[in-house]
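Coordinates in review
Chain by chain, the residues:
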Amino acid sequence: MAQLLLRGQTLADDRGIPHQIEAVLFDKDGTLSISEPMLHALASARVSVASQLLAQGHPELAAVRGDELVELLGRAYGLGEQAIDPAGATAVGSRQHNLISTATALAQVGLGWPEALALGESVFTATDGLHGQGSQRRPIATPGLHELVEALGRAAVACAVISNDDGAGIAAFLASANLTCQFQAHWSADHTPHKPDPAAVHALCASLGVPPNRCALIGDANSDLRMAKQAGVPVVIGYTAGWSSPPPLDPCFPCLNHWSELEVRVSGA
């Protein structure tokens, strides 16, 4: 087992006893990977295609409420002019979450729910190729990640991904970043339940053969960090450097801005 030190301070319980860690669970987008350029291009394309399809199928509605649709989708996706809101649906939600957001916006401008959902599915079908490794702006590993993962491996600490991306997206990122062999498991949108259900953490820990109280979780969203606490994970750390604007994390959680701030020490060493 190992202990984690954040900026030189051993992470310990209220009695000052260092936590013993056997596995670290990582969020993907905004934590393991810098995904903002890809997600911005994807969200922008979804807005554009939704507008085009509304105009093709419902020109009178698009003429009156097309601008409203663009505004609704932009807010739903957390889409800024050059950035993505790290707490928005594009950054945090699954594909299904974003599909429902899209259909809801379409319903708000006047489509019936079946039509809105069908049009939303057409939007996503048309833009899915812009996601993940199919994007011209492929996600890259956050700086210093490889060094941290190698240190965890030397200390016999397992690494796993817990993400609302699908399993194929997780596998593709790990392969492109040359990290596949360093990660022993993942929990994705393909699994049930999804995060932020604490049962997702329990299931991932069970697949690793490690109890939650011997794990750490690192993520960039309050929902992830609160999920971990509810699941009984003792070491919960926010990561703030994966987006152009730092995510608005609850100050009750310790945070790091670069992986070099986290040190791995074998217990007893």
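Scope of this entry: the structure provided in the associated data block. These numbers come from a predicted model, not from an experiment. (Residues numbered from 1 in each chain as written. Predicted model: local features only at pLDDT ≥ 70, side-chain atom pairs only at ≥ 80, totals over all residues. Heavy atoms only, no water.)

**Focus: the overall build of the protein**
The cut-off we apply is this: For the purposes of this entry, the term helix denotes a DSSP run of H or I that reaches at least four residues, the term strand denotes a run of E that reaches at least two, and both are numbered from the N terminus. Based on C-alpha atoms, the radius of gyration is set beside the globule rule, defined as 2.2 Å times the residue count to the power 0.38. Between two residues, a contact is recorded if the distance between any of their heavy atoms is within 4.5 Å. The Shrake-Rupley method, run with a 1.4 Å probe sphere, supplies the accessible areas, and residue values consider only the shown protein chains as cover. Two residue types count as positive, namely Lys and Arg, and two as negative, namely Asp and Glu; His and chain ends fall outside the count. To locate a charge, take atom NZ for lysine, CZ for arginine, CG for aspartate or CD for glutamate.
Secondary structure assignment for the protein yields nine helices and eleven strands. Computed over its C-alpha atoms, the radius of gyration of the protein comes to 20 Å, within 12% of the 18 Å expected for a compact globule of 269 residues. With the principal axes as the frame, the protein shows a C-alpha extent of 70 × 30 × 30 Å. Restricting the contact set of the protein to residue pairs at least 6 apart, pairs at least 24 apart contribute 66%. In the form shown here, the protein has an accessible surface area of approximately 11,800 Å², with 53% of it arising from carbon and sulfur atoms. Positive and negative side-chain charges in the protein, numbering 15 and 26 respectively, have mean positions lying 6 Å apart.

**Examining the nonpolar core**
Among soluble globular proteins, nonpolar side chains are generally buried collectively. The test is simple: Remark: nonpolar core denotes a set of buried residues (Ala, Val, Leu, Ile, Met, Phe, Trp, Tyr, Cys) joined through side-chain atoms within 4.5 Å. Three exposure classes are used, based on accessible area relative to the maximum for each residue type with a 1.4 Å probe and protein chains only: buried under 20%, partly exposed in between, and exposed over 50%.
One finds Leu4, Phe26, Leu152 and Phe183 to be the most contacted residues of the largest nonpolar core, which totals 33 residues. Within the residue set of this core, elements represented by two or more residues are β1 (2-6), β3 (23-26), α6 (145-154), β6 (158-162), α7 (167-176), β8 (215-219), β9 (235-239) and β11 (262-266). Looking at this core, the element that brings in the most residues is α6, giving five residues.

**Topic: helix α1 (residues 36-57)**
Rules: Expected helix span is given by 1.5 Å per residue-to-residue step, counting one fewer step than there are residues.
Across its 22 residues, α1 extends 31 Å between first and last C-alpha, which sits within 8% of the 32 Å expected from 1.5 Å per residue. All buried positions along α1 are accounted for by Glu36, Met38, Leu39, His40, Leu42, Ala43, Ala45, Arg46, Val47, Val49, Ala50 and Leu54. Where α1 is buried, its residues contact β4 (33-34), α2 (59-77), α3 (89-92), α4 (95-108) and α5 (113-127).

**Thoughts on the state of the cysteines**
As a reminder, the rule being used: Only a pair of cysteine sulfur atoms within 2.5 Å qualifies as a disulfide here.
What the rule picks out here adds up to zero disulfides. Of all cysteine sulfurs, the one in cysteine 255 lies closest to cysteine 252, which takes part in no disulfide; the gap is 9.0 Å.

**Some remarks on the sheet that holds strand β2 (residues 9-10)**
The condition that has to hold: The pairing criterion is simple: DSSP has to find at least two bridges between the two strands.
Strand order across the open sheet formed by three strands is β2-β1-β11, with antiparallel pairing between neighbours. Looking at strand neighbours, the two that pair on one side only are β2 and β11, the edges of this open sheet. Of the strand pairs in this sheet, β1 and β11 are connected by five bridges, and their pairing is antiparallel. Bridging from a neighbouring strand, glutamine 3 pairs with arginine 265 of β11.

**Digging into the pairing of β9**
Stated precisely, the cut-off is as follows: Clockwise travel from the first strand over the helix to the second, with the strands pointing away from the viewer, marks a crossover as right-handed.
Counting buried positions along β9 gives five out of five residues, so the element sits mostly inside the fold. Here β9 shows a buried face lined by Val235, Ile237 and Tyr239 and a second buried face lined by Val236 and Gly238. With four bridges connecting them, β8 and β9 associate as parallel partners. Within β9, the residue paired with glycine 219 across the bridge is glycine 238. Crossover β8 to β9 through helix α9 (residues 222-230) is right-handed.

**Description of the environment of glutamate 36**
The cut-off we apply is this: Here a polar contact means two N or O atoms within 3.5 Å. Within protein one must be a hydrogen donor candidate and the other an acceptor candidate, and residues neighboring in sequence count only if both atoms are side-chain atoms.
When you line up the elements, glutamate 36 lands in helix α1. With 207 residues separating them along the chain, glutamate 36 and tryptophan 243 place their C-alpha atoms 6.3 Å apart. In contact with glutamate 36, not counting residues within four places along its chain, are Ala83, Ile84, Trp243 and Ser244. At 2.8 Å, the side chain of glutamate 36 and the backbone nitrogen of isoleucine 84 are in polar contact. At 2.7 Å, the side chain of glutamate 36 and the backbone nitrogen of serine 244 are in polar contact.

**Examining the pairing of β1**
Most of β1 sits out of view: five of its five residues are buried. Here β1 shows a buried face lined by Ala2, Leu4 and Leu6 and a second buried face lined by Gln3 and Leu5. Two strands pair when backbone bridges link them, and β1 and β2 are joined in this way by two bridges, in the antiparallel orientation. Residue pairing for β2: leucine 6 is matched across the bridge by glutamine 9. Following β1, the chain reverses through two residues before pairing antiparallel with β2; arginine 7 in that reversal takes a positive phi of roughly 50°.

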